[in-house]
Amino acid sequence: MIKYFSILLVGSLVIGPHAYATEPIKPVDHSGHTMQHDDGHDMVHGDDHMMDAPPSEHSKGHTTPEGHTSHQGDGHHHMDEDHIMDHEGGMIMGQNFDKLPTSCDSISEEIEITVRAGRKYAEKFPGTAFAFDNQEWRVKPCAKVTWHFINEDHVRHQFMMHGLPRYLYKYGMFHLEVTGPKTISGTIIMPGADETYLVHCDIAQHMENGMKAQLVVGKGGENLPSIPGLTPYAFTDIYKHVDLPQVSDKTDEDSIMKQVADLFDSNSLNSGMLIFGLLFGVLSVPLIRKLKPIRKSNNNNQ
Amino acid sequence: MPIHFLIAILSFCCMSTAVIAQTAKLPETVKVDPAALNIEPICDPKIAASWREAQEIEGVKIKESRLCNPDNPAWIAAAVKGTNNISMATLMQTGLSPDAIIKTDDLDGDGDPDRITIKLEIMELNGSSRDFDGLVPTFDIAPGIQPGAWVFAPKTSGMSTENFESVRANPLLRLPSPVIRVEVGDIVQIVLENTHYFPHSIHLHGVDHPFSHHEYGGNDGVPQTNEMHLMPGERRVYEFQPRHAGTMFYHCHVQTHTHLAMGLGGIIIVEENRPNNWLQTLNIGGGQVRHPSVAIKEDFDQEYDLHYHAMDKELTGIIQKYNDPRLIAHEMNQRYDITDSTEDYFTLNGLSFPYTLRESLITVEPDQKIKLRVLNSGGELLALHTHGHHATITHYDGVEHNPIAQIMRDVFDLAPAQRLDLTLNTTNDGLHSYGEGNWLFHDHREKGITTDGMSEGGSMSAIVYKSYLTEIGLPKGSHGVDLNTYFSKEFYQRKVPVWQDLDKAGTLGTPAGQTGMTAGIDPATRTSLLNFLYGLLLGISIYLLIAKRQLAKQAVLRVVSLLKGSKGSIKND
Ligand SMILES: [Cu+2]
Ligand SMILES: [Cu+2]
């Protein structure tokens, strides 16, 4: 974790802690990037920029547009253009408005996708605890996607995408995080290739218990495992028969029918064997009878 | 053909018997080559040496820590000032959420904040995954020992693991649940955000709190008497304004017999009210308090939080065996029987020996007065023994013992949930202290110094005088045992002969196994194998006897006649 943020720290030291806490939100200014893009340096730009402490005036140009977060009133702390956090831990990382992936000539479509997250979306998937409202989204290659992540629970959830090109996205990640009930938004540009990207919440046991989905770009790549209702689990539990008390058990506890039924119910394996034995007996009698004449004939031959 | 087969089996049997019968020389001692072990560095290489120094961050004075793995000083600064009163640069070094610790309003005008909000999440450590055959996020209590656990964790920001490539837990997510410090008169809100897949609660054992809060309702954490379960994804505020100081205990009160043992319990300390008393609200990982309260500084040179815990591997293994929360609930609530349980792992501040050496040593100098706050959150009585020292019991369960009746002991018994405040005096007078040294302190129930029965392990640690501490914060062993072996998972997998290096000859090492065809087979298997061969031999002989009875008859007759012939010849002589 510490390492994870140490690079960002360099940036934040330069910018200063609360510089933007009270500043009004400015429209996005991408002039710096556009210039670099025209130079054809956008490929390396991402990494270089993130490693170096950005000059403060550069950073000033990159405040978040008003429409992209629902909790602007109290302002944001800016680590750098790539990592924005508010005072309650709402976080946008790896946002990209304008850096075109090398595999794209232009942006193919500009779309907005709303993702809801919470315990209630897990209800339709027995054996899970948390989920997104959708388990798969489809966009065109080179699409510019604005994600509106609505966390309906009263705890933290994340919308974390992995496998993005590292020259544009630090650690190959795009990450929205917010404590609900609240919304946070962020924009990215998908690469041009057909690919399927992992989307999950990294809070311990959230992905493992349902908060897993995939973003299919174009025709997509291989499906990811263990997505609730969508793809088979890589590892699954063994579910054994559970003998729970039934209402019918209570009504006529003393009747003979009940006791007979109990005999069969009490041990499914035994009752199964009983039937198996019965069938075997019934079927084998004629078989033995058929065999007898053969033996006799054999005896006759001798 | 059967004759050849028979001969082959016969000769094999003879060889095997010969190996057993040969007793002229016993096998040589074999040793484990240290190079064959996965030995971890004794100190975590990721921890910066500068963390050990006395320093000031955000105006917060942080005492020196001589330990090999000291706390992150940024954690301490954030805990003292509050995450709302520090720079983003410092906050980023903590990994805490910006709203993890909020400190505002000096209500009594004495120079310190009196409205304290502490946000806690519930995190699972060493749990199973439906995606891969392994545990995540991992937290080792000792080399290779990863019991499934649940902890209250300070509210974090970002991932649960170190990074996307690693399965190791974010350093804020660890055993034990953090030590909480508040001041008498503070309006404290503990906000529990249930990020876990089970219902939980917080019960403030010993802390002055109203049974029910006028705004937030149930405040005692007990589902059967006071409040509903806090379900996954929900948040609850526990508000209180403590009037009495002392060392207390907070824990989950939902299915307490399993949830507490899983790790959902920690120390909570109410400190006396003093002016300008900026407390270290969280002591993550417990141990040395590097920013003690004003009252403690008045009377003591140092302060340590010591949280003892114990876990049953049958219980901790449930979350590693099952994924489905319904199956875990079934196993824990209906199948697991605590009355048949045994505790296997014994920890001090979340770790077992040798990791206790990294961060739970009590480092002292002569003529010091040291405050020890001890909690036993295990299921059995604890018998803590301090080598070389008699300490004084000043408080039981957060209540001061009559000063003239306070007693000195060298074994301290703590019932489950009990807290003791001890004063350790390092004056070399033959009673308080026997002098400088590297003195062990450990649970004297001997299983307490084992890890799943393997010694040395458990909650064992040491009181180490400065003169016995190495540059990197490890105790100088005067007996010369190489500590490295303990830092290998193979040791706790019972693969290393404990006494192999006591002398050059390895007289108490492990003997080599038998050589030859039966090498590597244990005696029991070898016996049954031999029995099987004898049986086979017998069977074949009987078969041959019946099948070739004509031949056998002839052979017998021939032998008989031969004998008769010889007899005859003798007679004839
Ligand atoms: Cu989540
Ligand atoms: Cu609980």
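Since the structure is predicted, the reported quantities are computational estimates derived from the model, not experimental observations. (Residues numbered from 1 in each chain as written. Chains lettered and ligands numbered in written order. Predicted model: local features only at pLDDT ≥ 70, side-chain atom pairs only at ≥ 80, totals over all residues. Heavy atoms only, no water.)

A tally of regular secondary structure across chain B gives twelve helices and 31 strands. What you see for chain B is a C-alpha radius of gyration of 32 Å, clearly larger than the 25 Å of a compact globule of 573 residues, by over 25%. Viewed in the frame of its principal axes, chain B has a C-alpha envelope of about 130 × 55 × 50 Å. Put simply, chain B has 573 residues, and 55% of those count as buried. In chain B, the proportion of contacts linking residues at least 24 apart, taken out of those at least 6 apart, comes to 72%. In the structure as shown, chain B presents an accessible area of about 24,500 Å², 57% of it carried by carbon and sulfur atoms. Of the side-chain charges in chain B, 48 are positive and 69 negative, and the distance between the mean point of each set is 13 Å. (Helix = DSSP H or I, 4+ residues; strand = E, 2+ residues; numbered from the N terminus. Rg over C-alpha atoms; globule rule 2.2 N^0.38 Å. Buried < 20%, exposed > 50% of the residue type's maximum accessible area, 1.4 Å probe, protein only. Contact = heavy atoms within 4.5 Å. Areas by Shrake-Rupley, 256 points an atom, 1.4 Å probe, with all protein chains shown as cover. Lys, Arg positive; Asp, Glu negative; His and termini not counted. Charge placed at Lys NZ, Arg CZ, Asp CG, Glu CD.)

For chain A, the count of helices and strands is seven helices and twelve strands. Across the 302 residues of chain A, 47% fall into the buried class. Contacts spanning at least 24 positions in sequence make up 68% of the contacts within chain A whose residues lie at least 6 apart. With the model as given, the accessible surface of chain A reaches about 15,600 Å², and the carbon-plus-sulfur share is 58%.

Let us look at the sheet that holds strand S9 (residues 179-183) of chain B. Residues and elements named next belong to chain B. The strand order S11-S15-S16-S9-S17 describes an open sheet built from five strands, whose pairing is mixed. Each edge of the sheet is formed by a strand with only one pairing partner; in this case those strands are strand S11 (203-205) and strand S17 (282-283). Pairing of S11 with strand S15 (residues 246-251) involves three bridges; the strand directions are antiparallel. Residue His-203 lies in a different strand from S15, and its bridge partner there is His-251. (Pairing = 2+ DSSP bridges.)

Counting residues at the interface gives 55 residues for chain B, matched by 57 residues for chain A. Interface area, chain B with chain A, both sides summed: about 4,500 Å², of which 59% is carbon and sulfur. The tally of links between chain B and chain A comes to three salt bridges. In this structure, A:Arg156 and B:Glu121 form a salt bridge, with 2.7 Å as the shortest nitrogen-oxygen distance. The tally of links between chain B and chain A comes to 25 residue pairs in polar contact (both at pLDDT 80 or more). Only helix H3 (88-94), strand S5 (115-125), strand S6 (127-128) and helix H8 (325-335) of chain B provide two or more residues apiece to the side of chain B that touches chain A. (Buried area = accessible area lost by both parts, 1.4 Å probe. Salt bridge = Lys/Arg side-chain N within 4 Å of Asp/Glu carboxyl O. Polar contact = N/O pair within 3.5 Å; in protein donor to acceptor, adjacent residues only side chain to side chain.)

To continue, consider the state of the cysteines. All names here are of chain A. This structure, assessed with the given rule, holds two disulfides over all chains. For Cys-104, the disulfide goes to Cys-142, at an S-S distance of 2.0 Å. Residues Cys-104 and Cys-142 are joined through a disulfide that is left-handed, its torsion about the S-S bond being -95 degrees. With Cys-104 in the loop between strand S3 (91-93) and strand S4 (109-118) and Cys-142 in the loop between strand S6 (136-139) and strand S7 (143-151), the pair connects residues that are 38 residues apart, well separated along the chain. Judged by relative accessible area, Cys-104 falls into the buried class, the value being 6%. (Disulfide = S-S within 2.5 Å.)

Another aspect to go through is a nonpolar patch on the surface. Residues and elements named next belong to chain B. Taken together, the side chains of Val-498, Trp-499, Leu-502 and Leu-508 define a hydrophobic patch exposed on the protein surface, amounting to about 430 Å² of accessible area. Within the secondary structure layout, Leu-502 lies in the loop between helix H10 (489-492) and strand S31 (510-511). Here Leu-502 falls in the exposed class, since its relative accessible area comes to 55%. (Patch = residues over 30% accessible without salt bridge, like charges linked within 9 Å, V, L, I, M, F, W, Y side chains within 5 Å.)

With that out of the way, let us pick up the coordination of the copper ion (ligand 2). All names here are of chain B. Here the copper ion (ligand 2) is held by the protein donor atoms His-200 (ND1), Cys-252 (SG) and His-259 (ND1), which lie 1.9 to 2.1 Å from it. Each donor residue of the copper ion (ligand 2) lies on the same chain, and together they follow the pattern H-x51-C-x6-H. Pair noted here: His-200 is in the loop between strand S10 (187-193) and S11 and Cys-252 is in the loop between S15 and helix H4 (256-259), with a separation of 52 residues, a long-range link. Judged by its relative accessible area of 0%, His-200 is buried. (Donors = N, O, S within 2.8 Å, 3.2 Å for Na, K, Ca; no water.)

This brings us to the environment of B:Trp439. Residue and element names in this part refer to chain B. Note that Trp-439 resides in strand S29 (residues 438-443). A relative accessible area of 22% places Trp-439 in the partly exposed class. Taking the C-alpha atoms as reference points, Trp-439 and Ser-461, 22 residues apart in sequence, are found 8.6 Å from one another. When neighbours within four sequence positions are excluded, Trp-439 is seen to be in contact with His-387, Gly-388, His-389, Tyr-434, Ala-462, Ile-463 and Tyr-465.

This next bit is on the domain arrangement of chain B. Note: interface size is frequently given as the accessible area lost on complex formation between the parts. Residue and element names in this part refer to chain B. Taken domain by domain, chain B comprises domain 1 (2-18 + 514-572), domain 2 (35-39 + 355-511) and domain 3 (99-299 + 306-347). Centre-to-centre separation of domain 2 and domain 3, based on C-alpha positions: 25 Å. Contact residues are listed per partner, giving 36 residues for domain 2 and 35 residues for domain 3. Together, the buried faces of domain 2 and domain 3 total about 2,900 Å²; carbon and sulfur atoms form 57% of this surface. On the surface where domain 2 and domain 3 come into contact, there are three salt bridges. A salt bridge links Arg-373 to Glu-271, with the shortest nitrogen-to-oxygen separation between them at 3.6 Å. (Domains from an automatic or database assignment.)

Residues and elements named next belong to chain B. Most of helix H2 (residues 73-81) is tucked away: eight of the nine residues are buried. Looking only at H2, the buried set comprises Pro-73, Ala-74, Trp-75, Ile-76, Ala-77, Ala-78, Ala-79 and Val-80. For H2, the N-terminal cap is Asn-72; the gap from its side-chain oxygen to the backbone nitrogen of Ala-74 is 2.9 Å. Looking at the residues trailing H2, positive phi occurs at Gly-82, about 95 degrees.

What follows covers the nonpolar core. Counting residues in hydrophobic clusters, the biggest one holds 129 residues, and the most contacted among them are A:Trp137, A:Trp147, A:Phe159, A:Met161, A:Met190, A:Leu215 and B:Ile190. Residue contributions to this core peak at six residues, all from S5(B). Leaving out residues up to four positions away in the same chain, A:Phe159 has contacts with A:Val115, A:Trp137, A:Trp147, A:Phe149, A:Phe174, A:His175, A:Leu176, A:Val199 and A:His200. (Core = buried A, V, L, I, M, F, W, Y, C linked by side-chain atoms within 4.5 Å.)

The next subject is the coordination of the copper ion (ligand 1). Residue and element names in this part refer to chain A. Every protein donor of the copper ion (ligand 1) is accounted for by His-157 (ND1), Cys-201 (SG) and His-206 (ND1), and the metal-donor separations fall at 2.0 to 2.2 Å. Positions of the donor residues of the copper ion (ligand 1) along the chain correspond to the pattern H-x43-C-x4-H. In this pair, His-157 sits in strand S8 (residues 156-161) while His-206 sits in the loop between strand S11 (195-200) and strand S12 (212-217), placing the two residues 49 residues apart along the sequence. In this structure His-157 comes out as buried when scored by relative accessible area, which is 0%. Using a relative accessible area of 0% as the deciding quantity, one classes His-206 as buried.

This part covers the sheet that holds strand S10 (residues 182-189) of chain A. All names here are of chain A. Read across the open sheet, the four strands follow the order S5-S4-S7-S10; overall the sheet is mixed. Strand pairing shows two members of the sheet lacking a second neighbour, strand S5 (131-132) and S10, which therefore form its edges. Relative to S7, S4 is paired through nine bridges, and the arrangement is parallel. Paired with Glu-110 across the strands is Lys-144, a residue of S7.

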